[in-house]
Amino acid sequence: MMQKVGVLLPIPLSQVYDYVVPESMSLAVGDMVLVPFGSRRLYGVVWRISDFPETSKPLKEVYNKFDLPTISSANLEFIEWVANYTLTPLGAMLKLMLSVPQVFKSLKRQSKKINKGLTPHPDFSPIQFSSAQDLTYQELKSRLEQGYSVSVLDGVTGSGKTEIYLELIAEVLRRHQQALVLLPEISLSPQMIERFAKRFGASPSLWHSLLTPAQRRETWKQIVKGEAKVIIGARSALFLPYSNLGLIVVDEEHEQTYKQDEGVIYQGRDMAVVRASLERIPIILASATPSLETHYNCHQGRYHKVTLESRFGEASLPEIEVIDLKESKSKEWISAPLFHEINKTTAAGEQVLLFLNRRGYAPLTLCSACGTKVECPFCTAWLVDHRVQGRLVCHYCGHAVTQLKECMSCHAKDSFVACGPGVERLAEEVAGRFPHLNYCIISSDLISNVQELGLVLSKIKIMKFRLLLGLK
Ligand SMILES: [Zn+2]
Ligand SMILES: [Zn+2]
């Protein structure tokens, strides 16, 4: 009896197309094949197989089979689940998984020799744990053996969360499985990669938007073949066709960048949990400030929370004091205790950072004669006074006007007063009260490019500035 296969194609349709299997070919679900589609040939994945009686209507034949490993059923289940959940055509999900069209182009040609690098070694340079870390590690390690579980690794910055999951990854490597670490794109820094390389004696495989096509192709192949053992990636790495996944870690799980909000819309952290459940493997969500959703899931008993109390080494939490400015009744923004601390710190040769989440000079401008607030005519948000640039700017739509001389309601002259502090206003006070200190303002309004920022940062490093006014 001949066989027919249903092939899913990486096009934005949910349909699976039927082809007959040539007698010389043997196919399994998850095999990657080349098939005729209209006047083109497309690559796709065998989704289902069934018998094909000779009496049936004729079908086109599968053209060729790629010399690549079979994609495991957990991978296929995963994209089907996400497609249903996000109302995305199944073919579009497949496109995410086979996101490297170059792999399928050179069907016959032998790909060039590539430098595969070293394989991460679990026993290369194990980390020495503190007793608190060891306790947490042992608890999480015992969960590695129990199939699917979600653990929330909650610990303040500096408590040594990364060391713990590095050792868990080592355990996964000893079992010859793959480990996937998701990071917010911004955290894919050389320092982070360095930590992995130092622990395992070899660089991890990376997956992010800045890879070259050649790097993408090779990394994808190594992942599907199971040669890539430790994969660090941004959220899209979740959709790669892993051959033998043993652990997923989502670091900084609270980060908003896990949300994909165009194309296929999904929350990467939550889809990672789904993937772990379909693969029947453990997942660890790590954060110093777990998200509300994760907090709730712990509370409901769905996720298991492990708290790492103490800080690693000598690091300790800062002392925090809340000062109510209403009590001081002063017109100044820098309170007496803060004034004292700034003097004390700078006298000791150290630097001070005043952090304020308000750009510009003042968030609100008010007519002292009639009480009119200066609003944006397009969004009814207040216009923010940017005195350095001599403008009032709407932070929502960008609408800007030059400084006003006269009230538009009561026509009083020079009646406007600034209400509340922005970084520029705070800087004015700093200049007046600490005339002997060099300061700088770090704000996107005043630093226009990366070079300028680099210059400011290098001056901060050499202590050119004693007082920094910064905002996010
Ligand atoms: Zn007025
Ligand atoms: Zn506006």
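Here the focus is unusual backbone geometry. One non-glycine residue, His-176, lies in positive phi territory at about 60°. Along the polypeptide, His-176 turns up in the loop between helix H4 (161-174) and strand E7 (178-182). Classification of His-176 by relative accessible area gives exposed; the value is 57%. Of note in the backbone geometry, Thr-380 takes a positive phi value of approximately 55° without being a glycine. Secondary-structure assignment places Thr-380 in the loop between strand E16 (364-367) and strand E17 (384-386).

The coordination sphere of the zinc ion (ligand 2), as far as protein atoms go, consists of Cys-376 (SG), Cys-379 (SG), Cys-394 (SG) and Cys-397 (SG), spread over 2.1 to 2.3 Å. For the zinc ion (ligand 2), the four donor atoms are set out with angles of 105 to 115° between them, so the coordination reads as tetrahedral. On the accessibility criterion, Cys-376 (2% relative accessible area) is buried. Relative accessible area serves as the criterion here: at 28%, Cys-379 is assigned to the partly exposed category.

For a metal bound by four donors in tetrahedral geometry, the ideal donor-metal-donor angle is 109.5 degrees, whereas six donors in octahedral geometry ideally sit at 90 or 180 degrees. Looking at the metal site, the zinc ion (ligand 1) is ligated by Cys-367 (SG), Cys-370 (SG), Cys-407 (SG) and Cys-410 (SG), spaced 2.2 to 2.4 Å from it. Every donor counted, the four donor atoms about the zinc ion (ligand 1) form angles of 107 to 113° at the centre, which fits tetrahedral coordination. Mapping the donors of the zinc ion (ligand 1) onto the primary sequence yields the spacing C-x2-C-x36-C-x2-C. Its relative accessible area of 1% is what places Cys-407 among the buried residues. Look at Cys-410 and you get partly exposed, because its relative accessible area is 35%.

Right, let's get into the domain arrangement of the protein chain. We note that the domain assignment places domain 1 (2-70), domain 2 (131-308), domain 3 (332-358 + 422-472) and domain 4 (359-420) within the protein chain. For domain 2 versus domain 3, the separation of C-alpha centres amounts to 37 Å.

The side-chain alternation of strand E22 (residues 467-470) yields two buried faces, one formed by Leu-467 and Leu-469 and the other by Leu-468 and Gly-470. Taken together, the four bridges between strand E15 (residues 352-355) and E22 define a ladder with parallel strand orientation. Residue Leu-354 lies in a different strand from E22, and its bridge partner there is Leu-469. Bridge count between strand E21 (residues 439-442) and E22: four bridges; the pairing is parallel. Bridge assignment links Ile-442 to a residue of E22, and that residue is Gly-470.

Glancing now at the sheet that holds E15. Strand pairing in a sheet relies on backbone hydrogen bonds, with the paired strands running either antiparallel or parallel. Spatially, three strands are ordered E15-E22-E21 in an open sheet, and the strand pairing comes out parallel. The open sheet terminates on both sides in strands that have one partner only, identified here as E15 and E21. Between one strand and the next, the sheet's axes are offset by a mean angle of 20°, whatever the strand orientation. In the packing of helix H12 (residues 450-461) onto the sheet, contacts are made with E21 and E22, and the angle to E21 comes to roughly 140°.

Further remarks concern the packing of aromatic side chains. Tallied over the full model, the rule gives ten aromatic pairs. Their ring planes at 10° and their centres at 4.0 Å tell us that Tyr-43 and Phe-104 sit as a pair that is stacked. Placement of Tyr-43 in strand E4 (residues 40-52) and of Phe-104 in the loop between helix H2 (90-97) and helix H3 (131-144) is noted, with a sequence separation of 61 residues between them. For Tyr-43, a relative accessible area of 17% puts it in the buried group. Between Phe-66 and Phe-104 the ring centres are 5.0 Å apart and the planes differ by 80°, which places this aromatic pair in the edge-to-face class. Here Phe-66 is found in the loop between strand E5 (64-65) and helix H1 (73-86), whereas its partner Phe-104 is found in the loop between H2 and H3, with 38 residues between them in sequence. Phe-104 carries the same exposure label as Phe-66, and that label is buried. A cation sits over an aromatic face here: Arg-387 above Tyr-361, 3.8 Å from the ring centre. Sitting above the plane of the Phe-465 ring, Lys-464 keeps its charged end 5.9 Å from the centroid.

Reading guide: rules and limits
- Residues numbered from 1 in each chain as written.
- Chains lettered and ligands numbered in written order.
- Predicted model: local features only at pLDDT ≥ 70, side-chain atom pairs only at ≥ 80, totals over all residues.
- Heavy atoms only, no water.
- Helix = DSSP H or I, 4+ residues; strand = E, 2+ residues; numbered from the N terminus.
- Buried < 20%, exposed > 50% of the residue type's maximum accessible area, 1.4 Å probe, protein only.
- Donors = N, O, S within 2.8 Å, 3.2 Å for Na, K, Ca; no water.
- Tetrahedral: all angles 85-135°; square planar, octahedral: opposite > 155°, others 65-115°.
- Domains from an automatic or database assignment.
- Pairing = 2+ DSSP bridges.
- Axes fitted to C-alpha atoms, helices over the stretch in contact; angles between N-to-C directions.
- Contact = heavy atoms within 4.5 Å.
- Phe/Tyr/Trp six-rings, centres within 6.5 Å; stacked < 30°, edge-to-face > 60°.
- Lys NZ or Arg CZ within 6 Å of the ring centre and 35° of its normal.

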